[in-house]
Amino acid sequence: MKQQKEHYVERFCILYGLVHFFQQFEGKTSLGMSVFNLGNAIMGSGILGLAYAMANTGILLFLFLLTAVAALSSYSIHLLLKSSGIVGIRAYEQLGYRAFGTPGKMAAGIAITLQNIGAMSSYLYIVKSELPLVIQAFLKADPNSDLWYMNGNYLVIMVSASIILPLALMKQLGYLGYTSGFSLSCMVFFLSVIYKKFQIPCPFEEFSANSTAAHLSVNVSSHGHEYNNGLVHADDEDSHCYPRMFTINSQTAYTIPILAFAFVCHPEVLPIYTELRNPTQKKMQKVSNISILVMYTMYFLAALFGYLTFYDNVEPELLHTYNRIDPYDTLILCVRVAVLTAVTLTVPIVLFPVRRAIQQMLFPTKAFNWLRHIAIALILLTSINMLVIFAPNILGIFGIIGATSAPCLIFIFPAVFYIRIVPKDDEPMNSVHKIVAVCFAALGVSFMVMSLSFIFIDWTTGSSRAAGGH
């Protein structure tokens, strides 16, 4: 009787807390704008690696994996929303605290920090990779020149110091929040590369000798093919211009991490839920499903047409592959500028929650301090720049982050939070929902272990370096 009484008291307190919370905050964001905001949280640099993932799985296997990761992401959001509804908490780290105390909060904070550091690293790697090509196209410069302003390492440091750091030192996001929509528009413009599929022949034709692009000369061995000037020989008996439906090789291990990296949006789900007008779990689930479906369609189109344009020639960073055909193409130049603008403006926005998470983990009781505010930003940007400068290619960033923090945020944490938070009186451990949640967490652990194992094996054999790192 005493336990039953305590149970009712606990449920009353939870209900009272929920009512008090909703009375204090009235969401004003429409369903359509919430879809836009969540879509912006999903969309990122991961779209640049999807064509490479398709080249190493085949169209059908890639479509199956893409569909599976999208569906599992939607289910994990369902777990988050249900857990949030029970305890009235709308912050990922606080759910971790409610479920497991300080260790849960720290684990969630570390995973979010690693995920955002990986995202910023991938953005700056794009700056390092693409900005020299933009300068080359504008100046009609020789791609083999050793000019300092054609060195991506120097350029990424200059962009970080002159643009990103000043924006990151602001006390509040302020107007930077409005750049997220512009950044998403720039990334959507990336889909215009679909048009190039109908312009680039296969086997690829080389430029004439008097073309500046004829200076491009590389010999790369990848997937068992030999390339000259980055182009497949038409008479190579192993080369072909037909899409593969199903294939497995050493690079297939990166597919699930790349897909997981591309669909992580879970830390942003609960804040968007809070801002939703007349919020209900069903309504927010609808927002999530629509956002994931839209991004799923965009991802598949970008991967499919990128793969059908270059087949086994596609590189881990899709845009860089177009430089093999024509480094001065106007459409590709516009896409590069749009993507560079998007990622440059996004880095300071992503840095803010990372700094806030670090402050909450290390200095939870300290008041705002400008010296600490600036120091954390400097340390973060310096560390990320070092990672970008010494990383052999963007594939490593996609792989490691997609195989560690992404499975935690998508699979493991939502499931274990759900198991811990939902009262056993409502759903005992032998209930269908709890059993499915346990299997979901186990699936995330399996993905993490298998992906990391295959990636480390790939690194030790050196095959990733043969895959065309830049």
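What counts as what
- Residues numbered from 1 in each chain as written.
- Predicted model: local features only at pLDDT ≥ 70, side-chain atom pairs only at ≥ 80, totals over all residues.
- Heavy atoms only, no water.
- UniProt positions renumbered as here; feature names shortened; annotations may be inferred.
- Helix = DSSP H or I, 4+ residues; strand = E, 2+ residues; numbered from the N terminus.
- Expected span 1.5 Å × (residues − 1).
- Buried < 20%, exposed > 50% of the residue type's maximum accessible area, 1.4 Å probe, protein only.
- Salt bridge = Lys/Arg side-chain N within 4 Å of Asp/Glu carboxyl O.
- Axes fitted to C-alpha atoms, helices over the stretch in contact; angles between N-to-C directions.
- Parallel < 35°, antiparallel > 145°, perpendicular 65-115°, else oblique.
- Left-handed = near helix turned anticlockwise from the far one by under 90°.
- Contact = heavy atoms within 4.5 Å.
- Nonpolar A, V, L, I, M, F, W, Y, C, P; charged D, E, K, R; others polar.
- pLDDT = per-residue confidence, 0-100.
- Core = buried A, V, L, I, M, F, W, Y, C linked by side-chain atoms within 4.5 Å.

The name an unreviewed UniProt entry gives the protein is Solute carrier family 38 member 3, with Seriola dumerili as the organism. Recorded in UniProt under Subcellular location (unreviewed entry), the annotation for the protein is "Membrane".

Novice: What exactly am I supposed to notice about helix α2 (residues 31-42) here?
Specialist: Owing to its 3.6 residues per turn, the α-helix aligns residues three or four sequence positions apart on the same side. Relative to the 16 Å expected for 12 residues at 1.5 Å per residue, α2 spans 16 Å between its end C-alpha atoms, a close match to the ideal helical length. Along α2, the residues classified as buried are Ser34, Val35, Leu38, Gly39, Asn40 and Ile42.

Novice: Explanation requested: the pattern of salt bridges in the structure shown.
Specialist: Two side chains that carry opposite charge are able to pair once their charged atoms sit near each other. One pass over the full model with this rule turns up three salt bridges. For glutamate 427, the salt bridge identified is with lysine 82, shortest N-O distance 2.8 Å. Here glutamate 427 is found in the loop between α16 (405-421) and α17 (432-461), whereas its partner lysine 82 is found in helix α4 (residues 59-87), with 345 residues between them in sequence. Residue lysine 82 is classed as partly exposed on the basis of its relative accessible area of 24%.

Novice: When you look at the environment of arginine 90 in this model, what are you seeing that I'm missing?
Specialist: Relative to the helices and strands, arginine 90 is located in the loop between α4 and α5 (92-100). Arginine 90 sits 178 residues away from glutamate 268 along the chain, and the two C-alpha atoms are 9.7 Å apart.

Novice: Looking at this structure, how should I read the packing of α4 against α5?
Specialist: Each pair of packed helices gets described by two things: the angle between the helix axes and the distance between those axes. Axis separation between α4 and α5 bottoms out at 11 Å; the angle between their running directions is 65 degrees. In terms of orientation, α4 and α5 fall into the roughly perpendicular class. The way α4 lies across α5 gives a crossing that is left-handed. Across the interface between the two elements, Leu80, Ser83, Ser84 and Val87 from α4 touch Tyr92, Leu95 and Arg98 from α5. The residue inventory of the contact of α4 with α5, partitioned by class, reads four nonpolar, two polar and one charged.

Novice: What is the right way to look at the environment of isoleucine 126 in this model?
Specialist: Looking at where isoleucine 126 falls in the secondary structure, it is placed in helix α6 (residues 102-139). We classify isoleucine 126 as buried; its relative accessible area is 0%. Placed 30 residues apart in sequence, isoleucine 126 and valine 156 show a C-alpha to C-alpha distance of 9.1 Å.

Novice: Please clarify how the confidence of the model for the protein should be interpreted in this entry.
Specialist: Predicted coordinates in regions of low pLDDT should not be interpreted in detail. Here the protein averages 77 in pLDDT, and 80% of its residues register 70 or above. Within the protein, the lowest mean pLDDT, 36, falls on strand β1 (residues 221-222), and the highest, 92, falls on α4. Counting contacts from residues 2-25, a segment whose pLDDT is below 50, to residues more than four positions away or on other chains yields 16 contacts. Below pLDDT 50 for its whole length, residues 464-470 participates in 22 contacts with residues either more than four positions away or in separate chains.

Novice: What's the story with the environment of lysine 28 in this structure? I'm lost.
Specialist: Within the secondary structure layout, lysine 28 lies in the loop between α1 (2-24) and α2. Owing to a relative accessible area of 67%, lysine 28 belongs among the exposed residues under this scheme. Residues lysine 28 and asparagine 278, spaced 250 residues apart in sequence, show a C-alpha to C-alpha distance of 8.0 Å. Once you skip the residues sitting within four places of it in the chain, lysine 28 turns out to touch Glu275, Leu276 and Arg277.

Novice: Can you walk me through the nonpolar core in this structure?
Specialist: One recurring pattern in soluble globular proteins: nonpolar side chains tend to sit buried together. The biggest cluster of nonpolar side chains holds 135 residues, and the ones touching the most others in it are Phe62, Phe190, Phe263, Met284, Tyr299 and Leu319. Apart from residues no more than four positions distant in its own chain, phenylalanine 62 is found in contact with Leu50, Ala53, Met54, Thr57, Leu259, Phe300 and Ala303.

Novice: Explain helix α9 (residues 255-263) to me, please; I cannot follow it from the model alone.
Specialist: Counting buried positions along α9 gives eight out of nine residues, so the element sits mostly inside the fold. When we look at burial in α9, the residues that qualify are Thr255, Pro257, Ile258, Leu259, Ala260, Phe261, Ala262 and Phe263.

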